[in-house]
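Understanding the architecture of this molecule
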Amino acid sequence: MSTVTASKGAASRGTAPQGAAPKLKTSAMIASFADPGQKTSSAPFGHALVKAAEADPRIVGLTADLGKYTDMHIFAKAFPERFFQMGMAEQLLFGAAAGLAETGLVPFASTYSVFAARRAYDFLCLDIAEPNLNVNIVGGLPGLTTGYGPSHQATEDMAIFRGMPNLTIVDPCDSVDIEQAVPQLAASDGPTYLRLLRGNVPTVLDEYDYTFELGKAKVLRGGNDVVFVSSGLMTMRALQAAEALAAHKVDVAVVHAPTIKPFDAATVLAELNTDRLAVTLENHSVVGGLFETVASAVVSAGLGKRVVPVALPDEFLDAGALPTLHERYGLSMQRIVAKVLAELG
Amino acid sequence: MVVVQDQFTAGRVGETVKDRIERVAAAANRIRHHALNMGEVQGQGYVGQALGAADMLAAVYADQLRYRANDPEWEGRDRFLLSTGHYAIGHYAALAEAGIIPVEELESYGSDDSRLPMSGMSTYTPGMEISGGSLGHGLSIAVGIALGLRHRAQSGEGSSARVYNFLSDGELDEGSTWEAAMGAHHHQLGNLTALVDINALQADGKTDTVLRTEPATEKWEAFGWYTQRVDGNDVGALLAAFDNAAARATAVGRPSVILCDTKVGRGVPLLEEREKAHFMRIEEHEWQLCRKQLTAGSTGKAGR
């Protein structure tokens, strides 16, 4: 890191003086958020798509020059005649996906979330969502899963997409969620958006009595003092934080809500309608994501319940190494524990 | 019940070239009359575009397109995509001419609860393949449809149907049009034909003052397309171009484009000579005059 960048960072964020600790490297674009030694599964989306395609000949795959980086290459290798490379042209990617669906096929179209949400929105909205076509949008690098900065960090993708009628939004936690979600996305009518986790993806939910059901939230563990409502990779952090809080004699329930839209308000509100501290946890901006989804459900039901968000701030995030950034922006397990303890006083 | 009523390419059995041109020109004339009648209901609108594109639409629906009027979703049909949603007035007229929607329904154009909204949408109208209107979308969707039809044909399910995308020279402003142009060539979608209505007019004025799209021919050629440029109001020239495109149409091959220079308001001198406007206002007393001029111009030439 250059001196200029470091001093700018130190000045604007008040971090420790240079040289206090070794600086982590941004490293690869696709930095893994798996913990050292954690059980992982390789390219769960790609393998799940191959399996689904073996059962359903309507499934085709396409990408915009990001097959290797969205695990679509697994599908391309297994079914070269059912894979279409559309080049670095996201408007064409999603317009063509609509056309493929018009002929009765079931496309899975992958790119990074930023390009799907920001660059190709008009094509997703009018060509896919308005005619309610079964096109499955697969977005890599959701939220803060890359240290490349705002060009690649889709911190507001759910905020952008939640306003789109007909679109189902899925924010999976781990490889179990992804493996089970893919065939359900293919089978469901209408368009879906999957916040893809790719590469070596943590395997977490196999240790719980859990199955992914499209449109459903699930209680992963009960607890008397605090209720976590989480989605995406933050469910993994929520479970870790719940374990850590047990050492502080704080009993935490965790509700995993991987389908953001349509939202399973019934399950979530039943858990929130208690005296426990309510916390939402998401790998997304505090604007327009899980927190606001839960908040609107709470207000609509007249619960009058305070909800504490753990979410990314409403700002363009720094570049850097993921562990550094997750700590900086409050997504790390330690920051969650500290926030809950502070809330409980 | 499926009634077989296909229209096939390149004229009818036993038809002379002259007969064919007259038949298509007569269809264009009826499309223009329909468009004037629809325009009068609204008092204004995209009549100029409909009149300008009527010959292109007639060549498609009266001569080229394979379809079944009473089964618009027939799997084996050729696809005609209207990317320019605001040309719906002309497209509805062509759909009526083709027998896909009743002529009487045209008077509901742009009215509440009509199946014929001002901007064409697939969810409203039989025979309307896509929802256009956000310009620069049609060709991308056409790429996907052509890919999908070819893919399904390989597995014995689909057809060798052709895909036509109607777009305007204004849509050449949109980057997505060129993404799709590259994609169609890359994937060698030889059953895809783009029809570009070059009326040299956009919402804010003449195309060459808004954003220069010329030289259009060289651009399409450079993108690898089989490119023809014709007078889009010359039915004979249009049919010859369509025949050339049809002769080259193949599952794997170069996509083709027919660039059609047209005149806004064509067939009605009053409107041809008026200051050109994207959204044309026509006074109440002028509609009958427009119809008279249209009839006078076509009598003895293309009437029947």
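Thresholds, definitions, all that
- Residues numbered from 1 in each chain as written.
- Chains lettered and ligands numbered in written order.
- Predicted model: local features only at pLDDT ≥ 70, side-chain atom pairs only at ≥ 80, totals over all residues.
- Helix = DSSP H or I, 4+ residues; strand = E, 2+ residues; numbered from the N terminus.
- Rg over C-alpha atoms; globule rule 2.2 N^0.38 Å.
- Buried ≥ 20, exposed ≤ 12 C-beta atoms within 10 Å, placed from the backbone.
- Pairing = 2+ DSSP bridges.
- Axes fitted to C-alpha atoms, helices over the stretch in contact; angles between N-to-C directions.
- Contact = placed C-beta atoms within 7 Å.
- pLDDT = per-residue confidence, 0-100.
- Expected span 1.5 Å × (residues − 1).
- Core = buried A, V, L, I, M, F, W, Y, C linked by C-beta atoms within 7 Å.
- Parallel < 35°, antiparallel > 145°, perpendicular 65-115°, else oblique.
- Nonpolar A, V, L, I, M, F, W, Y, C, P; charged D, E, K, R; others polar.

Considerations on the overall build of chain B
Helix and strand counts for chain B come out as ten helices and nine strands. Since a compact globule built from 304 residues should have a radius of gyration of about 19 Å, the 18 Å found for chain B is in line with a globular shape. Its C-alpha atoms give chain B principal-axis dimensions of about 55 × 50 × 40 Å. The 304 residues of chain B split such that 52% are buried.

Quick notes on the sheet that holds strand β3 (residues 163-168) of chain B
All names here are of chain B. One open sheet accounts for five strands, arranged β2-β3-β4-β8-β7; its pairing is parallel. Strand pairing shows two members of the sheet lacking a second neighbour, β2 (79-82) and β7 (226-231), which therefore form its edges. Strand-to-strand twist in this sheet, taken as the mean axis angle between neighbours without regard to direction, amounts to 20°. In this sheet, strand β8 (residues 256-261) lies alongside β7 in parallel orientation, the contact comprising six bridges. Residue D231 lies in a different strand from β8, and its bridge partner there is D261. Across the face of the sheet, helix α4 (residues 138-154) comes into contact with β2, β3 and β4 (192-198) while running at roughly 175° to β3.

Looking at the confidence of the model for chain A
Taken over all residues, the pLDDT of chain A has a mean of 93, while the share at 70 or more is 93%. Confidence over residues 1-14 of chain A falls short of pLDDT 50; this stretch has eight contacts with residues more than four positions distant or in other chains.

Some words on helix α9 (residues 233-246) of chain A
Residue and element names in this part refer to chain A. Helix length check: α9 (14 residues) gives 21 Å between terminal C-alpha atoms against 20 Å at 1.5 Å per residue, within 8%. Restricting attention to buried positions, one finds in α9 the residues L233, M234, T235, M236, R237, A238, L239, A241, A242 and L245. Taken together, the buried residues of α9 touch β8 (200-202), β9 (218-221), β10 (226-230), β11 (252-256), β13 (277-285) and α13 (333-344).

Some points on the nonpolar core
Grouped together as the largest cluster of nonpolar side chains are 199 residues, with contacts concentrated most on L93, A97 and F228 of chain A together with I89 and Y92 of chain B. Here this core gets twelve residues from one element, more than from any other, and that element is helix α2 (residues 47-64) of chain B. Apart from residues lying up to four places away in sequence, I89 of chain B is in contact with A35, M38, G39, G45, Y46, V47, A50 and Y109 of chain B.

Describing unusual backbone geometry
With omega at -5°, the peptide bond leading from K261 of chain A into P262 of chain A counts as cis. Tracing the backbone shows P262 of chain A in the loop between β12 (259-261) and α10 (265-272). Residue E214 of chain B is joined to P215 of chain B through a cis peptide bond whose omega torsion reads 5°. Residues other than glycine seldom take positive phi values, yet N132 of chain A does so here, at roughly 55°.

What about the packing of helix α1 (residues 17-42) of chain B against helix α8 (residues 235-248) of chain B?
Residue and element names in this part refer to chain B. It is at 9 Å that the axes of α1 and α8 come closest, and there the two elements cross at 110°. By the angle between their axes, α1 is roughly perpendicular relative to α8. Where α1 abuts α8, its residues R20, I21, V24, A25 and A28 lie against V235, G236 and L239. Residue composition of the contact of α1 with α8, grouped by class: six nonpolar, one polar and one charged.

Section: the interface of chain B and chain A
Contacts between the two partners involve 23 residues from chain B, matched on the other side by 22 residues from chain A. In terms of residues, the side of chain B that touches chain A owes the most to one element, α4 of chain B, which gives eleven residues. By residue class, the composition of the side of chain B that touches chain A is eight nonpolar, 13 polar and two charged.

Description of the packing of α1 of chain B against helix α10 (residues 286-298) of chain B
Residues and elements named next belong to chain B. Running from N to C, α1 and α10 point in directions that differ by 175°, and their axes come no closer than 10 Å. As judged from the angle between their axes, α1 and α10 are roughly antiparallel. Contacts between α1 and α10 involve N29, R32, H33, L36 and E40 on the former and, on the latter, W287, C290, R291, L294 and S298. Among the residues forming the contact of α1 with α10, the class breakdown is four nonpolar, three polar and three charged.

Examining the environment of A98 of chain B
Residue and element names in this part refer to chain B. Along the polypeptide, A98 turns up in the loop between α3 (88-97) and α4. You can call A98 buried: it has 22 C-beta atoms within 10 Å. Separated by 16 residues in sequence, A98 and S114 have C-alpha atoms that sit 19 Å apart. Once residues within four sequence positions are removed from consideration, A98 is found in contact with Y61, Y67 and A69.

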